[in-house]
Amino acid sequence: MGSDHTRPAPSAPPRVRRILIMTVVPLFVATVLAALLLWPRGGAPETDGGADVPRFPGTVTRVVTEPCPPTPSSPEGTPRVGGGPCGTVDVRVDDGPSAGQQVQTPVPDGPGAPRVAVGDEVILVELTDPTDPSTSNWNISEHQRGTPMLWLAVVFAAAIVAFGRWRGLAALAGLAASFAILLTFVLPGIGAGRSPLLVAVVGAALIMFVVLYLTHGVTAQTSVAVLGTLGSLVLTGVLATIATAATHLTGFGSEDATTLSMFQGDVDLHGLLLAGIIIGSLGVLDDVTVTQAATVTELAHANPGLTRLQLYRAATRVGRAHIASTVNTIVLAYAGASLPLLLLLTADARPIGQILTSEFLAQEIVRSAVATLGLIAAVPLTTGLAAVVSAAGRSDATPSTDASAPRPQPDRAEALAALISPRAGRPDEPQPTRTPPPPTGGRSLTGARIRHGDTPQRDQIGPPP
């Protein structure tokens, strides 16, 4: 996240560091205290998630396909409508009580069913007949994805470390810290009935402190990015609350939210929508604030004569270009994650106005708009803070110079004497004599020597005659 600079940022003077410490440290302490107060206790709440079906790894050893029999409502010889291949699959169970046993399952069928071949590693489920517990049958649930995902993670980590070196290693540590905070605090806290908006703001602030300082170091530049990110997060939360209330969004804008309400009815889905907006905005906010703080620092280092206003204007021009591309990134990210929903809406026969204002699509529009507004606010906020800190650091670290003070003028006589002074040579070597230039200007020294009868002498090799 953010811009990466291999050259470390210039050290801020003591007065600036003290001000930043007095501002950032209380905010960090308040974030930690809020996290401790909101930390879920007593374990995860019990949910009605259905029976736990046993799942075992297996390897496909044989696949036999055959024509599908006609359905009772179809004429004989007509293939089954919407069905896939029919037949049986032999699978060797690799783990569990039936390890090493060959079991036979039907070929997976239906929407989203896995397509299997000999040698595929799959997940088996054992279904027991409720009326006869001694009778059970096996079915293929899905493919095993552990090994390819592990290799993908290794390549991902190796590429980041190879390109970013120590900074890339710190970025991986920050990514691990983000997931740890999400899995141990944010999700359990929301599941325990805490306010999703409050938990999301505190969790996002905690992630921000850990990731930014771990990735970019404890510097004045990072502290400016932290302050800009925190202010933008609070503003995003306020805007999200106002926007969702004005549009009367309930949070039931997706099938996942509806399913969650069935398993855990006490979850505040409206607050969960706000929490998703906050956490989704954090990654892009980090990128913008770190980039703006780094831009101001580099401009101040490259041209120490720039004022606060000049630094702000120059860095804001960079921020405008960054925002113009990031806004498109946000919208496309949400659109890519909601492609099935968008395709479903395009097949809707309702007018376009009704489609845009429906709960499903209005939720995504509000999410994108609020995230963009918070992102835009982060640019002037972070740039202004960085300009003040950089200018203060420059005025404290370098002696003040008065631009109106007259510059010392060099002595022309001394400069001319230095130009015509005899060249240093060996002690025993005679130095050529030169006649001073004539009082009238505009003539060369050579011309003066010729007019007065002087002849230019050349350096001689060896003793003089």
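Predicted, not measured: the structure shown is a model, and the values here were computed from it. (Residues numbered from 1 in each chain as written. Predicted model: local features only at pLDDT ≥ 70, side-chain atom pairs only at ≥ 80, totals over all residues. Heavy atoms only, no water.)

Draft legend 1. The overall build of the chain, seen in detail. When its secondary structure is counted, the chain shows 12 helices and 5 strands. A total of 465 residues make up the chain; the buried ones form 33% of that total. Considering only contacts within the chain whose residues lie at least 6 apart along the sequence, 69% involve residues at least 24 apart. Put simply, the chain shows about 28,200 Å² of open surface, and 64% of that area lies on carbon and sulfur atoms. (Helix = DSSP H or I, 4+ residues; strand = E, 2+ residues; numbered from the N terminus. Buried < 20%, exposed > 50% of the residue type's maximum accessible area, 1.4 Å probe, protein only. Contact = heavy atoms within 4.5 Å. Areas by Shrake-Rupley, 256 points an atom, 1.4 Å probe, with all protein chains shown as cover.)

Draft legend 2. Looking closely at the sheet that holds strand β4 (residues 121-128). Here we have 5 strands laid out as an open sheet, ordered β3-β2-β1-β4-β5, and antiparallel in their pairing. Edge positions in the open sheet fall to β3 (102-106) and β5 (136-143), since each of these has one partner strand only. Neighbour to neighbour, the strand axes of the sheet diverge by 45 degrees on average, direction disregarded. Two strands pair when backbone bridges link them, and strand β1 (residues 55-66) and strand β2 (residues 86-93) are joined in this way by 8 bridges, in the antiparallel orientation. Bridge pairing in β2 links G58 to V93. (Pairing = 2+ DSSP bridges. Axes fitted to C-alpha atoms, helices over the stretch in contact; angles between N-to-C directions.)

Draft legend 3. A look at the pattern of salt bridges. The final tally for this structure, using the stated rule, is 5 salt bridges. Across the pair D90 and R62 runs a salt bridge, and its minimum N-O distance is 3.0 Å. Taken together, the residues D90 in strand β2 and R62 in strand β1 connect sequence positions 28 residues apart. Under the relative-accessibility criterion, R62 is labelled partly exposed at 44%. A salt bridge links E142 to R145; its shortest N-O distance comes to 2.9 Å. Residue classification places R145 among the partly exposed residues on the basis of a relative accessible area of 45%. Several salt bridges converge on common partners, so that one network encompasses R55, E142 and R145. (Salt bridge = Lys/Arg side-chain N within 4 Å of Asp/Glu carboxyl O.)

Draft legend 4. Layout of the nonpolar core. Of all hydrophobic cores here, the largest spans 51 residues; its most connected members are F185 and M208. Looking at this core, the elements with two or more residues in it are α1 (14-38), α2 (146-191), α3 (196-216), α4 (220-246), α6 (269-302), α7 (308-337) and α10 (359-397). Among the elements that make up this core, the one with the highest residue count is α3 (12 residues). What F185 contacts, discounting residues up to four positions off in sequence, is A35, L38, W39, P40, A180, V199, V202 and G203. F56, V103, V116 and W138 belong to the second largest nonpolar core, which has 12 residues in total. (Core = buried A, V, L, I, M, F, W, Y, C linked by side-chain atoms within 4.5 Å.)

Draft legend 5. Main features of the confidence of the model for the chain. For the chain, the average pLDDT comes to 78, and 76% of its residues sit at 70 or higher. Scored below 50 in pLDDT, residues 396-407 shows 3 contacts in the model against residues more than four places distant or in partner chains. Scored below 50 in pLDDT, residues 441-462 shows 12 contacts in the model against residues more than four places distant or in partner chains. (pLDDT = per-residue confidence, 0-100.)

Draft legend 6. Structural context of the pairing of β4. Examined bridge by bridge, β1 and β4 share 5 bridges and lie antiparallel to one another. Bridge pairing links R55 to V125 in β4. Pairing of β4 with β5, which is carried by 7 bridges, proceeds in the antiparallel orientation. Counterpart to L124 in the pairing with β5 is I140.

Draft legend 7. Layout of the environment of T215. Among the secondary structure elements, T215 is positioned in helix α3. Polar side-chain contacts of T215 include one of 2.8 Å to the backbone oxygen of V211. (Polar contact = N/O pair within 3.5 Å; in protein donor to acceptor, adjacent residues only side chain to side chain.)

Draft legend 8. Geometry of the packing of α1 against α3. Orientation of α1 relative to α3, taken along the N-to-C sense of each, is 130 degrees, at an axis distance of 10 Å. For the element pair α1 / α3, the angle class is oblique. Considering the relative orientation of α1 and α3, their crossing is left-handed. When α1 is examined against α3, the residues V24, L27, F28, T31, V32, A34, A35 and L38 are found in contact with a partner set consisting of L198, V199, V202, A205, L206, F209 and Y213. Of the residues that constitute the contact of α1 with α3, the class distribution is 14 nonpolar, 1 polar and no charged. (Parallel < 35°, antiparallel > 145°, perpendicular 65-115°, else oblique. Left-handed = near helix turned anticlockwise from the far one by under 90°. Nonpolar A, V, L, I, M, F, W, Y, C, P; charged D, E, K, R; others polar.)

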